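Chain by chain, the residues:
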Amino acid sequence: MRKVINEQMVFGQTDISAIRIDPKSRDDIPRLLRGLQHIYTQPELRDRVFAILADMRPVQADGKTKVSAEKGRPGMDLWKILVLGVMRLGLNADYDRIHDLANYHLAIREMLGHGGWAENTDEPYHLQTIKDNLSLFTPEILDRINQDVVQAGHVLLKKRPDEGLAGRCDSFVVETQVHYPTDINLLLDAVRKTIETCSRAAHAQGWTEWRQWRYLQHSFKKSYRILQKIKHSTAQDPQKRAAHEARMVEAYSAYLVLAEQHVSKATETINALKTEGMFEPAQQIEGYLEHARRQINQISRRVLQGEKIPHSEKVFSIFEPHTEWISKGKAGVPVELGLRVCIVEDQYRFILHHAVMEQTTDAQIAVPMVKEAQARFRGVSSMSFDKGFHSPANQTELREILPMLVLPKKGRKSADEKVRESASEFVHLRHQHSAVESAINALEQHGLDICPDHGIAGFKRYVAMAVLARNIHRLGAVLMTQEAEQRCIYRKAA
């Protein structure tokens, strides 16, 4: 049984519409709560959001039927999951802080539907329960809610139906939580996890082949430390330099031999597990072995054969294999490890659309971003980009679907292009384009600096929740500003 919200209030419980929020607070929590309160207190908006949340109910064991909203063991209300998810990303908080806020922050507990005489008898939220429930969100669900939130913001700002939306599009990097990759430490990770997983599977079967797994890990790491300390020779004497290179090759060879021994032994364990019908642990070990074999091959080619490894063959984390090596040319930031995220912001500072860019460049995503933004919101009449999104094909195709395109061309410009880029509207929108950096900075300050969630699915869910939390924060800020202006008018009238 999993409901969107428990409509039956208890004695003494504060209705969400009556929650008092400090209008003078400059913290993020009041703005997030005010945005959530607005969603709840607007009947049409609430009905649309609740209908979307209802699609979040997990499926049963058959993989098709949704869990009943009326029968079975009670689960966390879907509204509560939305509130906690928005708080997590809106505050850039980890699960431990959200766990504490959910149990002890009065205003947040009122937004969650707690209070009244039963407040002290309510069962506290458990950390693992919060983690499991927040993982029920999907990027598609969050994107649908985000569209309704943005439309509500446009209504608040008195946007006319015929008024166009001026979009600003740019990309930035959201880093994954990985260490700096080298081929030898990636091999260390792969072999370490192979030994650990084999040991766990063997222990469950009562086998003794991996009883010394801690010693095996320590020995392999000791061999890695030897390599880690070796530096390339700077000696001027060719003989000394050659001797140093020989010692380096010998250390690499010993490291690879030890790794291949562990791979061979793990392969035997996989075969034994498959014979016993233990396919799940065998598949898990095979995943780590695949990484180990790749790194052994690449180290051998690079060190022993003097080959340069193509960038397309490299993997930069065995735990987050979607991680990319990104060099955007920023001062003081030579490289970032993560994925690019592209966003479209309108003139009201709401984020209309976003996309996670897997093996995609700015020029490749420009047209899809405009088309998706137009599909979600009518009236997207202009879009500004920086030069990184330029390509001749983009210039042609975007001019066909946009009344006003602001996409500066790289390199030498023709006479017609100079006239077009010097037009007053083009210049005005190009000057306004830099405001998108404010949206990017706000996203990075409120969660999108480093993604702690695992896997590409977790990455996309985390980014989508951050965009939704940012728009709800913006919605709350607009409401609190309007209410402050209204209070000022009343004071002057009095």
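Because the structure is predicted, anything quoted here is derived from the model rather than measured.

Below, the discussion takes up the pairing of strand E4 (residues 351-357). Among the 7 residues of E4, 7 are classified as buried, and the element is accordingly described as predominantly covered. Where strand E3 (residues 336-345) lies against E4, 6 bridges are found, and the strand directions are antiparallel. Bridge pairing in E4 links Val344 to His353. Between the antiparallel neighbours E3 and E4 lie 5 residues, among them Arg349 with a positive phi of about 70°.

What follows covers the packing of helix H8 (residues 183-205) against helix H10 (residues 238-275). The geometry of H8 relative to H10 is characterised by a closest axis approach of 10 Å and an angle of 30° between their N-to-C directions. On the basis of their axis angle, the class for H8 and H10 is roughly parallel. As for the relative orientation of H8 and H10, their crossing is left-handed in sense. Between H8, through Ile184, Leu187, Leu188, Val191, Thr194, Ile195, Cys198, Ala201 and Gln205, and H10, the contact on the second element is made entirely by Tyr252, Tyr255, Leu256, Ala259, His262, Ala266, Thr269 and Leu273. Partitioning the contact of H8 with H10 into residue classes produces 13 nonpolar, 4 polar and no charged.

Moving on, we get to the environment of Lys410. Inspection of the secondary structure puts Lys410 in the loop between strand E6 (404-406) and helix H14 (415-421). The exposure class assigned to Lys410 is partly exposed, which follows from its relative accessible area of 45%. In this structure the C-alpha to C-alpha distance between Lys410 and Asp386, which are 24 residues apart in sequence, comes to 9.8 Å. Each residue touching Lys410, except ones within four places of it in the same chain, is listed here: Lys387, Gly388 and His390.

All chains considered together, the criterion is met by 18 salt bridges. Across the pair Asp453 and Arg88 runs a salt bridge whose closest N-O atoms are separated by 2.8 Å. Here Arg88 lies in helix H3 (residues 78-90) and Asp453 lies in the loop between strand E7 (450-451) and helix H17 (455-493), a separation of 365 residues in the sequence. In this pair, the class of Asp453 matches that of Arg88, namely buried. Salt-bridge contacts for Lys193 lead to Glu196; the nearest nitrogen and oxygen are separated by 3.5 Å. Of this pair, Lys193 and Glu196 are both found in helix H8, 3 residues apart, which corresponds to roughly one turn of the helix. Through salt bridges with shared partners, a single network forms among Asp143, Glu372 and Arg376.

Definitions and cut-offs
- Residues numbered from 1 in each chain as written.
- Predicted model: local features only at pLDDT ≥ 70, side-chain atom pairs only at ≥ 80, totals over all residues.
- Heavy atoms only, no water.
- Buried < 20%, exposed > 50% of the residue type's maximum accessible area, 1.4 Å probe, protein only.
- Helix = DSSP H or I, 4+ residues; strand = E, 2+ residues; numbered from the N terminus.
- Pairing = 2+ DSSP bridges.
- Axes fitted to C-alpha atoms, helices over the stretch in contact; angles between N-to-C directions.
- Parallel < 35°, antiparallel > 145°, perpendicular 65-115°, else oblique.
- Left-handed = near helix turned anticlockwise from the far one by under 90°.
- Contact = heavy atoms within 4.5 Å.
- Nonpolar A, V, L, I, M, F, W, Y, C, P; charged D, E, K, R; others polar.
- Salt bridge = Lys/Arg side-chain N within 4 Å of Asp/Glu carboxyl O.

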